[in-house]
Amino acid sequence: MNRFLLTLSFLSFLTDVFPQKINFEFDYAQFGYDSLSNYVEFYYSFNQVGLTYIDTDTADYVQGVLQIEINDSITSNNIINKHWIISNEITDTVNLDKSLIGLVGFVIDKGSYIINITGSDANNPLNKKTINEKISVQPFLNSNLALSDVQLSSNIIPNSENTSSIFYKNTFEVTPLPASVCGEMQPVLFYYSELYNLMDEIWNSEMRLDEMIINSRGQLVSSKSKKISKTVNTRVEVGLVKAYKFPTDTYTLSLFLVDSVANYGVSSSKRFFVYN
């Protein structure tokens, strides 16, 4: 379970140029890997304004530190304990108006885990934020119909030719949105998911994929459906939510994959925020 991937990308946000308390965000999503494990992607974001600006004779830069610790929740055995220094050279102070967006991925076996993720300022270690999560890894690739986690994205490029990007998968370039926040600067929310084990003996029947958005009061604010063919065993589903149409609130995006013939269904959901 030592496979990992790391990358940086840059997304613009309106910020001040003066150092502030660290603004670190994180999200994750699980995808099928094999019958014993899932591939878990961790998405992170460092707002550069919250990092110490280092001015030297040769270069100006900011540095964040990402640390991920994963422990088995039953045995307390440490599974992963890694850290990375995330550096970015500043060639113009206007570049401080950008966030460092990255991705780290691990193959993790079936089980229950406690995850501790810390983002800190490399030049001011006391300026840090730690996020704790409990996750259950149940392999998607088996004989039962399955739906991956929902990955929220700031942008999805279909049929991307940028195959060297770490955000590239299954012909799509999916830029993570770790903060899960939409509004004036992010009017449209994109999402990515994977469907597994679709084929069965009733190959000529169809399934239904429902997309529903619920607000913080439990009210349905948007819904739509599409038919899913069983002619392939695995497929990708991407979509978008016009967040600019929603008032400020917390929302839950839910996907339901239903096989009415087999009288069986699975679901996956992710919460996001809208500030309008």
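Structure: see above.
One structure accompanies this document, and this report is about it. Here the structure is a predicted model, which means the values were calculated and not measured. (Residues numbered from 1 in each chain as written. Predicted model: local features only at pLDDT ≥ 70, side-chain atom pairs only at ≥ 80, totals over all residues. Heavy atoms only, no water.)

1. What about the overall build of the protein?
Here's step 1: Scanning the protein from N- to C-terminus turns up 0 helices and 20 strands.
Here's step 2: Its C-alpha atoms give the protein principal-axis dimensions of about 70 × 45 × 40 Å.
Here's step 3: Out of the 276 residues belonging to the protein, those deemed buried represent 47%.
Here's step 4: Of the contacts formed within the protein by residues at least 6 apart in sequence, a portion of 69% connects residues at least 24 apart.
Here's step 5: Looking at the protein as shown, the accessible area adds up to about 13,800 Å², and 49% of this sits on carbon and sulfur atoms.
Here's step 6: Taken as two groups, the 20 positive and 29 negative side-chain charges of the protein have centres that lie 8 Å from each other. (Helix = DSSP H or I, 4+ residues; strand = E, 2+ residues; numbered from the N terminus. Buried < 20%, exposed > 50% of the residue type's maximum accessible area, 1.4 Å probe, protein only. Contact = heavy atoms within 4.5 Å. Areas by Shrake-Rupley, 256 points an atom, 1.4 Å probe, with all protein chains shown as cover. Lys, Arg positive; Asp, Glu negative; His and termini not counted. Charge placed at Lys NZ, Arg CZ, Asp CG, Glu CD.)

2. A few points about the nonpolar core
Here's step 1: Residues Phe 24, Phe 42, Phe 46, Leu 66 and Ile 68 are the most contacted members of the largest nonpolar core, which totals 28 residues.
Here's step 2: Among residues more than four places away in sequence, those in contact with Phe 42 are Phe 26, Asp 27, Tyr 28, Ile 68, Ile 70, Gly 102, Leu 103, Val 104, Phe 106, Ile 115 and Ile 117.
Here's step 3: Leu 152, Leu 177, Val 241 and Leu 253 belong to the second largest nonpolar core, which has 24 residues in total. (Core = buried A, V, L, I, M, F, W, Y, C linked by side-chain atoms within 4.5 Å.)

Honestly, that's just the spatial picture; any functional story needs more than this.
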